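Descriptive structure summary
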Amino acid sequence: MTLLPDITELLARARADLRMGLPVVLQDGPDALLAASAETLDARRLAAMRALSPELTVAITARRAETLKARAYDGDLARINVPAEAGLTWISALADPEDDLATPMKGPLASRREGGAALHRLGIQLAKSARLLPAMVTVPLADATAFARDNGLTRISLAAAQDHLTDRSPLHPVVNARLPLSVSEAGRLHIFRPEDGGEEHYAVEIGRPDRAKPVLARLHSACFTGDLLGSLKCDCGPQLRAALQHMGDEGAGVLLYLNQEGRGIGLANKMRAYALQDQGFDTVEANHRLGFEDDERDFRLGADILKSMGFSSVRLLTNNPAKVAMMEKTGIKVAERVPLKVGLNPLNAKYLDTKAKKSGHIL
Ligand SMILES: Nc1nc2c(ncn2[C@@H]2O[C@H](COP(=O)(O)OP(=O)(O)OP(=O)(O)O)[C@@H](O)[C@H]2O)c(=O)[nH]1
Ligand SMILES: [Zn+2]
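Residues numbered from 1 in each chain as written. Chains lettered and ligands numbered in written order. Predicted model: local features only at pLDDT ≥ 70, side-chain atom pairs only at ≥ 80, totals over all residues. Heavy atoms only, no water.

**Here we look at the packing of aromatic side chains**
One pass over the structure, following the stated rule, counts 1 aromatic pair. Here the aromatic rings of Y202 and Y257 are separated by 6.1 Å at their centres, their planes lie at 15 degrees, and the arrangement is stacked. Linking Y202 in strand β9 (residues 201-206) with Y257 in strand β11 (residues 253-258), this pair joins segments that are 55 residues apart in sequence. Using a relative accessible area of 16% as the deciding quantity, one classes Y257 as buried. (Phe/Tyr/Trp six-rings, centres within 6.5 Å; stacked < 30°, edge-to-face > 60°. Helix = DSSP H or I, 4+ residues; strand = E, 2+ residues; numbered from the N terminus. Buried < 20%, exposed > 50% of the residue type's maximum accessible area, 1.4 Å probe, protein only.)

**Quick look at the sheet that holds strand β10 (residues 215-221)**
In a beta sheet, neighbouring strands pair by backbone hydrogen bonds and run either parallel or antiparallel. Taken together, 7 strands build an open sheet; the order of strands is β7-β8-β9-β11-β10-β12-β13 and the sheet is mixed. A single partner strand is all that each edge strand has here, and the edge strands are β7 (171-178) and β13 (333-338). For this sheet, the mean inter-axis angle between neighbouring strands, taken without regard to orientation, is 25 degrees. Across 7 bridges, the pairing between β7 and strand β8 (residues 187-194) is antiparallel. Bridge pairing in β8 places N176 opposite H190. (Pairing = 2+ DSSP bridges. Axes fitted to C-alpha atoms, helices over the stretch in contact; angles between N-to-C directions.)

**Structural notes on the UniProt feature "active site" (unreviewed entry) in the chain**
Mapped onto this numbering, the UniProt entry annotates "active site" (unreviewed entry) at D295 and R297. Inspection of the secondary structure puts D295 in the loop between α12 (283-290) and α13 (300-308). Apart from residues lying up to four places away in sequence, D295 is in contact with R263 and N287. Assignment of secondary structure puts R297 in the loop between α12 and α13. By relative accessible area, R297 is classed as buried at 17%. In contact with R297, not counting residues within four places along its chain, are S221, Q260, R263, G264, N320 and K323. Of the polar contacts made by the side chain of R297, one reaches the side chain of S221; its length is 2.7 Å. (UniProt positions renumbered as here; feature names shortened; annotations may be inferred. Contact = heavy atoms within 4.5 Å. Polar contact = N/O pair within 3.5 Å; in protein donor to acceptor, adjacent residues only side chain to side chain.)

**Digging into unusual backbone geometry**
One non-glycine residue with positive phi stands out, namely R131, at about 60 degrees. Structurally, R131 can be placed in the loop between α5 (118-129) and β5 (135-140). A positive phi is found at R263, a non-glycine position, where the angle reads about 50 degrees. Within the secondary structure, R263 is located in helix α10 (residues 261-264). Relative accessible area serves as the criterion here: at 16%, R263 is assigned to the buried category.

**A short note on helix α1 (residues 7-20)**
Between its first and last C-alpha atoms α1 spans 20 Å; for 14 residues at 1.5 Å apiece the expected length is 20 Å, and the two agree. Residues I7, T8, L10, L11, A14, R15, D17 and L18 constitute the buried set of α1. Lining the buried residues of α1 we find β1 (24-28), β2 (31-37), α5, β5, β6 (155-157) and α7 (158-166). Here α1 starts with a cap whose side-chain oxygen sits 3.1 Å from the backbone nitrogen of T8, and that cap is D6. Looking one or two places after α1, you find G21, whose phi comes out positive at around 100 degrees. (Expected span 1.5 Å × (residues − 1).)

**Describing the UniProt feature "binding site: Zn(2+)" (unreviewed entry) in the chain**
Per the UniProt annotation, the sites labelled "binding site: Zn(2+)" (unreviewed entry) are C223, C234 and C236. Its place among the elements puts C223 in the loop between β10 and α8 (224-228). Every residue in contact with C223, bar those within four places of it in the chain, is listed here: L228, C234, C236, Y257, E261 and K270. Note that C234 resides in the loop between α8 and α9 (236-250). By relative accessible area, C234 is classed as buried at 2%. Discounting chain neighbours no more than four positions away, the residues touching C234 are C223, G226, G343, N345, N348 and Y351.

What follows is the structure, encoded as structure tokens:
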């Protein structure tokens, strides 16, 4: 028996540390990095990191590097040297595209070529899973174990972390209770919690769907602005309500409410993307300028929840063929795709058009 945290718990701790502005130690055998989020690091800790080594770098994704016209020698990411005179403002401008147009960075930016980037990649994965900007300030460390212990920092071993970052954390049902809804009095809300301390996800079950037949289902990604505030920039709110109404009308269905706000980048980053859209970029370009892929969601967790509820086949309410493909890949049969075309308005027409042209959505 041990009370020591396992790798899942250490990763959860590392995410919390990064969100607070605390660096973490990343280790791969003799190689080690001290890594902090470029978004949350403060001047005091930056100075402390700089004092450790002249090799201060910021790791950014190749997407962000492309916008900054920096060379990405590591394929999917670039390690940018931080000049001696550069401070937090410089680092923040590298990470955050908000001022790219108003005050372009004075280049050229020097990317590192020598040495490996595996630990920087781990850092970026951690930043993304902490819903922070994908940019990490790093310095090399000589003795990772002693350094982490002496400074009370979380230490993550690459070998231990690798599988956990690509695999999703197992989800467990926590509780379910009756929830009468306007669309159907026979509503029930189920709560699912991942083992890694991450976001909970919900399932709204309408009626008592026959587990032996394809169930009318919707995988709905959280959209605070659309679902709750009635935003006109997207079609999420009308889609949520239409899906529930459809299930209410049929007397059976299941709506998964997945907390993957902003296609998996989090609400703060989605608002950054909205600010960029006001500068003229479309929804996909905005994600790229921030350093994200078009869609950072993991739909496999939707399949996990359906399976744990006893469903193996769905009639999926969606206009997104990627969701259909992902369901099939994860072992949920899609007997039918049921289109969900509601909520078109003059302010979201361009957004929906971009999704059709660039993300393969069916209009
Ligand atoms: N990053 C980003 N996310 C957005 C934007 N607009 C909406 N979202 C998010 O996109 C998600 C909804 O995904 P959609 O692509 O509209 O729809 P879908 O779920 O893939 O496909 P459907 O099943 O057809 O609705 C929600 O998590 C929203 O918060 C945006 O401009 N940028
Ligand atoms: Zn939305």
